[in-house]
Amino acid sequence: CKSNFSFLEGASHPDELVEEAHRLGLPALAVTDRDGVYGIVWAHVRAREVGLKLIIGSQVSVADGSTIVLLAQDRGGYANLCRLLTTGRLRSEKGESAVGWDEICAHASGLIALWGGEESLIVGDAEPNEVAGKLRDSFDDRLYGLLTRHRHEEEVAAEARLRECAKGYGFPLVAANEVLYHTPARRPLQDILTAIRHGVPVASCGRRLKPNAEHDLKSPYAFARLFADDPAAFNRTLEIAERCSFSLDEIRYRYPSEHLPDPSTRAPAMGGGRSLGISPENRGVAVSERSESKDGESGAPGLPGGLHGTTSAAWLRRLTFGGAHWRYGETIPSTVVGQLEKELDIIEALDYPGYFLTMWEIVEFCRAHGILCQGRGSAANSAVCYCLGVTAVDPVRMGLLFERFISKERAEPPDIDLDIEHDRREEVIQHVYDKYGRDHAAMVANVVRYRSRSALRDVGKALGLSETALDRAAKFLSSYENVQPEMLEQLGIDPSQGLHGHLLELTNEILDFPRHLSIHPGGFLLGHEPVHDLVPIENATMPERTVIQWDKEDLEELGLFKVDLLGLGGLTQLDLCFTLLREHRGIELSMATIPPEDGATYEMICQSDTVGVFQIESRAQMAMLPRLRPRNFYDLVIEISIVRPGPITGGMVHPYLRRRQGKEAIDYPHPTLIPVLEKTLGVPLFQEQVMRLAVVAADYTPGEADQLRRDMAAWHRTGRMERHRERLITRMRAKGIAPEFAKRVFEQIRGFGEYGFPESHAASFALIAYATAWLKCHYPAEFACSLLNAQPMGFYAPATIGEDAKRHRVIVRPIDAQSSSWQCSHKAPAILPCAWGCAM
């Protein structure tokens, strides 16, 4: 079977093939996408749910233009398949692959070969006998001749040649049609995909199209009738299924061990560079960078006893407590010590120390090379990450929930997002490649899927419609919704007639189909063993980048670790602004020394004077600022989170504002929810709160809560969120919670599925938002220059930024070809009063 992960060829999702096979009573199904294993994780998850045996393989393209199907018998065979596909992909342009027969034979161990069919070497360039001899010697009794019957005229002669070759070399034949869709009703869509792949209209495809609809998944009875004259070939399908025992459940992933120091090595200094961190005296707003100690070395002067050792866990413990002294001083608060001990115990029990050491090492590389970085996401819930200098938010002080990050019940890999100055991120990426090697490090894929606009354009072009008209119509469509007939009618297109009817039907049918493979913004898969033993690696479009064939959801399903190195323009702007202040004013300013809780800054924010301010510069945020009126750091955290699909869809925004303004009493749907909702006045605004609501109010077990989170993240793709509706609402009502509130919570959960925003994530972003707002308030000229120099970023064009600077009494001079430099710079002739009472 080829799923739609044989890009623009297969016309069914992997789970559709699995579900149909189960409905038809098939005991097993082989997913063999073209030159890859892109869709097997999706198929594996669904096959496990319905109890169907999944056989994993691939149709491999050979350099002479032919193909061969290889199936993994065991773990070693799967590793050989991945290595072979990696070889073919890395030597080819993106989207292409080709291997030689000698390479196939060299990777034969643990693989079953199916050789034949319409695209076999029997119709290729080389001598069939020469290739048959090589395959027979290498695969021995694991070589089968592939009989395919799709009622094509040319198949009769091809089958006769295959039977003759099989008789001469003594290998058996097996019946195995090429399946491209789970039902014949998908045949028109398969034609459209073929036309898109070749870049021509369907009417011009000719023999590139399949001549009939016989490439569907057939029942055992229909398949037996098709091969009634050769029952032995039919029965060998069960023989092969029995011989293929490999499952993705057998993958045992080990995270690469970091280089460990000698037991006597002292924990290195923390915070001496450019990463961000909160200093206790700044009450969680400013970012601290470690000052030099008396002996000339920054860092804690001593470490707790009994922490020496060379294991990953012992080294992580030493670094963590050394960082705790850096964060909290000589005496670490008992609450922090307790939290660190709890987290370290869980990290060690789940064998995660190597992952945390990797993130610490990357942050140390950034510090050493003057690269501004900050961890965010659920990692901000971890006190260990905070003490290692990876994140900037103190989770103990803010009361963040560590279990949102890691828990023994879920036992799933942690996910740490590291934001890096966007113009220097490539340095960090290449450092990871250099440190671990190309065999042990590759970037995670991002599967680009059809949305309404791209689907309408591509399907319309394949049908031969005007590209100009298609582009005009696509601009009026929503990205995620199905195309409705009335939408096309409003654009002057009658969907009830001719090609326009096909356009509507096929556009909706192709939605969410994979279009091509892209690259994750910064996700890395690192392995103790070569990554190409887990999943094939291929070239990305960007030079010096390699990418695996799975996306982040696939890695999560299989429990594989991902390291995220993301570019953030806000950090670049901060670095540029600090440099300008140092060069033009002689002011040494950093995140650590920005004064916290500055009244003038918050007054400026309340007036919506936030053009260019990180995260709170959009029109929607500007409209919210005078209503919310942030006056402290946590208000900023809420401001960043509230203008999001989750709270808006759940109808939580207006109740929160009314309660904040004293227009509505603060009450709680149930007393058990007070600890969950107290910080947000009884209204759930954050993703963590929604998850805890499911546990506290709907009696979800940790396992059920984890499944809710997974379904929430993928509800557009799977539609599985609906199965939680009745369970959530019924259980909440049973506890005495009003049905209206329960329904709003469910709608909010769906909104978070579209764009989840946890509290820890918002707190990390709020640090940068406050810093950029403070700079805009007190040094508007340098702020404007740094914003222009960091382009492209943000919502506003350079002309808008310049006009906003003028409103703050900054003199903006025109460009002079003879005297202007490449970067905007500040050379103020005089100190002028600022609108908010500061100087510039």
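Anyway, here's the lowdown on the structure attached to this text. All figures in this text were calculated on a predicted structure; none of them were measured in a lab.

Of regular secondary structure, the protein possesses 35 helices and 13 strands. Out of the 840 residues in the protein, the part that is buried amounts to 58%. Within the protein, contacts between residues at least 6 apart in sequence are counted, and of these 75% link residues at least 24 apart. Accessible area of the protein: about 33600 Å², with a carbon and sulfur share of 51%.

Below, the discussion takes up the nonpolar core. By size, the foremost hydrophobic cluster in this structure holds 122 residues, and its most contacted members are Tyr78, Phe356 and Trp550. Ranked by residues supplied to this core, first place goes to helix α12 (residues 353-368) with nine residues. Beyond its immediate sequence surroundings of up to four residues, Tyr78 is in contact with Val37, Ile40, Ile56, Ala72, Phe246, Leu248, Ile251, Asp533, Leu534, Val535 and Trp550.

On to the sheet that holds strand β2 (residues 53-61). Read across the sheet, six strands follow the order β1-β2-β3-β4-β5-β6 without closing on themselves; strand pairing throughout is mixed. On the outer flanks of this sheet lie β1 (28-34) and β6 (173-175), each paired with one strand and no other. Direction aside, neighbouring strands of the sheet carry axes that sit 35° apart on average. Along the sheet, helix α3 (residues 75-90) contacts β1, β2, β3 (67-72) and β4 (111-116); its crossing angle with β2, the most-contacted strand, is approximately 30°.

Now for the sheet that holds strand β9 (residues 441-449). In a beta sheet, neighbouring strands are held together by backbone hydrogen bonds and run either parallel or antiparallel to one another. Reading across the sheet, the seven strands line up as β7-β8-β13-β10-β9-β12-β11 and stay open at both edges, with mixed pairing between neighbours. Strand pairing shows two members of the sheet lacking a second neighbour, β7 (373-376) and β11 (537-539), which therefore form its edges. If you compare each strand with its neighbour and ignore which way they point, the axes differ by 45° on average. Relative to strand β12 (residues 546-551), β11 runs antiparallel, the two sharing three bridges. If you follow Glu538 over to β12, its bridge partner there is Val547. Along the sheet, helix α33 (residues 759-778) contacts β7, β8 (415-421) and β13 (562-568); its crossing angle with β7, the most-contacted strand, is approximately 155°.

Quick look at α3 now. Within an α-helix, residues lying three or four positions from one another point in the same direction, as the helix has 3.6 residues per turn. Relative to the 22 Å expected for 16 residues at 1.5 Å per residue, α3 spans 22 Å between its end C-alpha atoms, a close match to the ideal helical length. Every buried residue belonging to α3 is among Gly77, Tyr78, Ala79, Asn80, Leu81, Cys82, Leu84, Leu85, Thr86, Gly88 and Arg89, and all of these are buried.

Cut-off values and rules
- Residues numbered from 1 in each chain as written.
- Predicted model: local features only at pLDDT ≥ 70, side-chain atom pairs only at ≥ 80, totals over all residues.
- Heavy atoms only, no water.
- Helix = DSSP H or I, 4+ residues; strand = E, 2+ residues; numbered from the N terminus.
- Buried < 20%, exposed > 50% of the residue type's maximum accessible area, 1.4 Å probe, protein only.
- Contact = heavy atoms within 4.5 Å.
- Areas by Shrake-Rupley, 256 points an atom, 1.4 Å probe, with all protein chains shown as cover.
- Core = buried A, V, L, I, M, F, W, Y, C linked by side-chain atoms within 4.5 Å.
- Pairing = 2+ DSSP bridges.
- Axes fitted to C-alpha atoms, helices over the stretch in contact; angles between N-to-C directions.
- Expected span 1.5 Å × (residues − 1).

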